[in-house]
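Structural characterization, general
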Amino acid sequence: DGADGHRGEPEARTIAAVASRVSRGASVIDGAARAEPLLDLKEREALAPLLDDEVRLVSLSSSMGALGAATSLVQVIALAQLLRRGLLPPIAGLRKPAEGPLLPVTSVSSTVARTALALCTGAPGLVGAVRVELP
């Protein structure tokens with residue numbers, strides 16, 4: 001976890017700094033899902049150098065909604081179950097992904113991924129990253 005002290009959402013470089021500690025080998029990213037196109041693009045651009053070009057981007061929060069302090073716990077449980085089942089859900093409401101790095105999931109997809117990274121943000125400038133890895 002980390003923070004940059006901004007009143008609102010953390011900067012992309014803060015997200016990347018926190019994610020860099022646990023992102024090694026991740027095949028799936030559950031993004032911060034802030035629903036702000038510019039913030040989401042900057043997040044993707046900041047994460048891209050840490051990850052393989054084929055990393056799939058999901059957004060569990062876009063379908064679950066705001067869960068407050070339970071968000072990161074629910075993300076970890078949901079990601080583990082999805083990896084165990086070999087499925088990735090589409091990003092809710094996303095029809096045509098914006099250009100940019102990472103591969104946003106737009107329809108239910110199968111996966112053999114065993115490692116994922118869950119990102120969760122909040123104010124003031126807070127970000128958490130949790131590595132989910134199946135045996």
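What this report covers is the structure whose coordinates are included nearby. (Residues numbered from 1 in each chain as written. Predicted model: local features only at pLDDT ≥ 70, side-chain atom pairs only at ≥ 80, totals over all residues. Heavy atoms only, no water.)

Residue pairs three or four apart in sequence face the same way in an α-helix, which turns once every 3.6 residues. Its 15 residues give helix α4 (residues 71-85) an end-to-end C-alpha distance of 21 Å, which sits within 8% of 21 Å, the value for a rise of 1.5 Å per residue. For α4, the full list of buried residues reads Thr-71, Gln-75, Leu-79, Ala-80, Leu-82 and Leu-83. Seen from one end, α4 has its buried residues packed into an arc of 165°, which puts them on one side. Along α4, the residues that are exposed and aim more than 90 degrees away from the buried face are Leu-73, Ile-77, Arg-84 and Arg-85. At its buried positions, α4 is contacted by β2 (28-30), α3 (60-64), β4 (87-88), β7 (115-122) and β8 (126-133). Backbone geometry just after α4 places Gly-86 at a positive phi near 75°. (Helix = DSSP H or I, 4+ residues; strand = E, 2+ residues; numbered from the N terminus. Expected span 1.5 Å × (residues − 1). Buried < 20%, exposed > 50% of the residue type's maximum accessible area, 1.4 Å probe, protein only. Arc of directions from axis to C-beta. Contact = heavy atoms within 4.5 Å.)

For the rest of this paragraph, the subject is the packing of helix α1 (residues 12-19) against helix α2 (residues 37-47). Where α1 contacts α2, the axes come no closer than 8 Å and their chain directions differ by 40°. Here α2 runs oblique to α1, going by the angle between their axes. Seen from above, α1 lies across α2 with right-handed handedness. Touching Ala-12, Ile-15, Ala-16 and Ala-19 of α1 are Lys-42, Glu-43, Ala-46 and Leu-47, all from α2. Residue classes in the contact of α1 with α2 are distributed as six nonpolar, no polar and two charged. (Axes fitted to C-alpha atoms, helices over the stretch in contact; angles between N-to-C directions. Parallel < 35°, antiparallel > 145°, perpendicular 65-115°, else oblique. Left-handed = near helix turned anticlockwise from the far one by under 90°. Nonpolar A, V, L, I, M, F, W, Y, C, P; charged D, E, K, R; others polar.)

Think of it this way: side chains of opposite charge can pair up when their charged atoms draw near. Applying the stated criterion across every chain yields a total of four salt bridges. Among the ionic pairs, Arg-34 bridges to Glu-43, the shortest N-O distance being 3.9 Å. What makes Arg-34 buried here is its relative accessible area of 11%. The partner of Arg-131 in a salt bridge is Glu-133, and the shortest N-O contact between them spans 2.8 Å. A relative accessible area of 25% places Arg-131 in the partly exposed class. (Salt bridge = Lys/Arg side-chain N within 4 Å of Asp/Glu carboxyl O.)

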